[in-house]
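Structure at a glance
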Amino acid sequence: MGNILRLLGRRLVALPFMILGITLLVFIVLHFSPGDQATAALGEGASSDAKEAYRAAHGLNDPLVVQYLSFLGRLVRLDFGVTTPPESPISTMIAGAFPVTLQLTFWGVVIAAIVSLVLGVVAALWRDRWPDQVIRVFSIAAVATPSFWLGILLIQWFAVGWRILPSGGYTSFFDDPGKYATSMLMPSVALAIPVCASLIRVVRTSMVEELDRDYVRTAIGNGVPRGEVLRKNVLRNALVTPVTVLGLRIGYLLGGAVVIEMIFSMPGVGQLILNGITNQDINLVQGVVVTIAVTFVAVNIVVDLLYLLINPRIRTV
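A brief report on the enclosed structure follows. (Residues numbered from 1 in each chain as written. Predicted model: local features only at pLDDT ≥ 70, side-chain atom pairs only at ≥ 80, totals over all residues. Heavy atoms only, no water.)

**Some remarks on the overall build of the protein**
Looking only at helices and strands, the protein features 13 helices and 0 strands. Secondary structure elements of the protein occur, N-terminal to C-terminal, as α-α-α-α-α-α-α-α-α-α-α-α-α. With respect to the principal axes defined by its C-alpha atoms, the protein has extents near 85 × 55 × 35 Å. Taking the contacts inside the protein whose residues are at least 6 apart along the sequence as the reference set, 72% of them involve residues at least 24 apart. Accessible surface computed for the protein: about 16700 Å², of which carbon and sulfur atoms make up 68%. Across the protein, the 23 positively charged side chains and the 19 negatively charged ones have centroids separated by 15 Å. (Helix = DSSP H or I, 4+ residues; strand = E, 2+ residues; numbered from the N terminus. Contact = heavy atoms within 4.5 Å. Areas by Shrake-Rupley, 256 points an atom, 1.4 Å probe, with all protein chains shown as cover. Lys, Arg positive; Asp, Glu negative; His and termini not counted. Charge placed at Lys NZ, Arg CZ, Asp CG, Glu CD.)

**Details of the side chain of E261**
Here E261 lies in helix α11 (residues 240-263). Of the buried charged residues, E261 lacks a salt bridge, with R249 as the closest side chain of opposite charge at 19 Å. Aside from chain neighbours lying at most four places away, what touches E261 is V100, T101, L104, M266, G268, V269, G270 and Q271. (Buried < 20%, exposed > 50% of the residue type's maximum accessible area, 1.4 Å probe, protein only. Salt bridge = Lys/Arg side-chain N within 4 Å of Asp/Glu carboxyl O.)

**Considering helix α3 (residues 48-57)**
Every α-helical turn comprises 3.6 residues, leaving residues that sit three or four positions apart pointing alike. Buried within α3 are the following residues: K51, Y54 and R55. An end-on view of α3 places all buried positions within 100° of arc, on one side of the element. Away from its buried face, by an angle of more than 90 degrees, α3 presents the exposed residues D49, A56 and A57. Where the residues of α3 are buried, they touch α2 (37-42). One or two steps after α3, the chain reaches G59, where phi turns positive at roughly 70°. (Arc of directions from axis to C-beta.)

**Details of α11**
In this model α11 runs 34 Å from its N-terminal to its C-terminal C-alpha over 24 residues, within 8% of the 34 Å that 1.5 Å per residue would give. The largest bend along α11 reaches roughly 30° and is located at R249. Backbone geometry just after α11 places S265 at a positive phi near 55°. (Expected span 1.5 Å × (residues − 1). Bend = angle between axes of the 7 residues up to and from the residue.)

**Comments concerning the pattern of salt bridges**
On inspection of all chains with the given rule, the structure shows 7 salt bridges. Residue R127 is joined to D212 by a salt bridge in which the shortest nitrogen-to-oxygen separation is 3.2 Å. Pair noted here: R127 is in the loop between α5 (90-125) and α6 (130-143) and D212 is in the loop between α8 (177-211) and α9 (214-221), with a separation of 85 residues, a long-range link. The partly exposed category is assigned to R127, whose relative accessible area is 29%. On the basis of relative accessible area, D212 is assigned to the partly exposed category, the value being 38%.

Structural data, given as structure tokens:
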């Protein structure tokens, strides 16, 4: 418990500085991106006086430092501003779209974890035999498959060809659990497969290393059932590295979810980013990117804590 509290304390102390760095990077990159907010808001036909009045009203003529401090002040209040006309609160839009992205990422993590765990354990237990060879071929093929391309293939097969799943859209679980499951299945699989392919190799390697340790042979030689040794000792110790790797992959899953949402026409933050880029709406893009980045940092803190909880060699009771 002492190590867990110390790690949590260090992460919480570092969290404001990480968020500050994220916001600074996002602000600078988007500030110097092509496009003019006044032109995007008022249209190409707006007069120079109207554009200048817009810039003055929204602080676009202020020094860069003043603009950044104003941006931080709004973030503290969870206020990302409004979109270009017709104006809508960006915070409200993110609050409505981000849960869809989180759900897609969550199911992607669940599928990746289950598939990689099962196939990785099977490959380790049957190492260098035909199940291991088949799983190795699958993992190599899957890791080389982009998620967006796999998503298009799934739509072609299951929606256009066999017509057993919807090609896109999103239905809330509370509205219709059945339609929710069918609407989330293909996007989640397309998002998870490339990630679980790399995790399979990590799980297999960790399992093989644990199976070759002396304590496993000693326990089995003393009459402890092999299944009990695998379940209580080998599997738990072997999960330390895969959990860490999966935590690092969550950032990829969040980014991949943005692309998958566009392919499957899901109302997540991917659509917001696309709209923001199309309309040159810097405030909207800033709000979405900062939200995703802060979520990624928070998830990695949770993963660090899980790492301590499942690793008895560095955890103090």
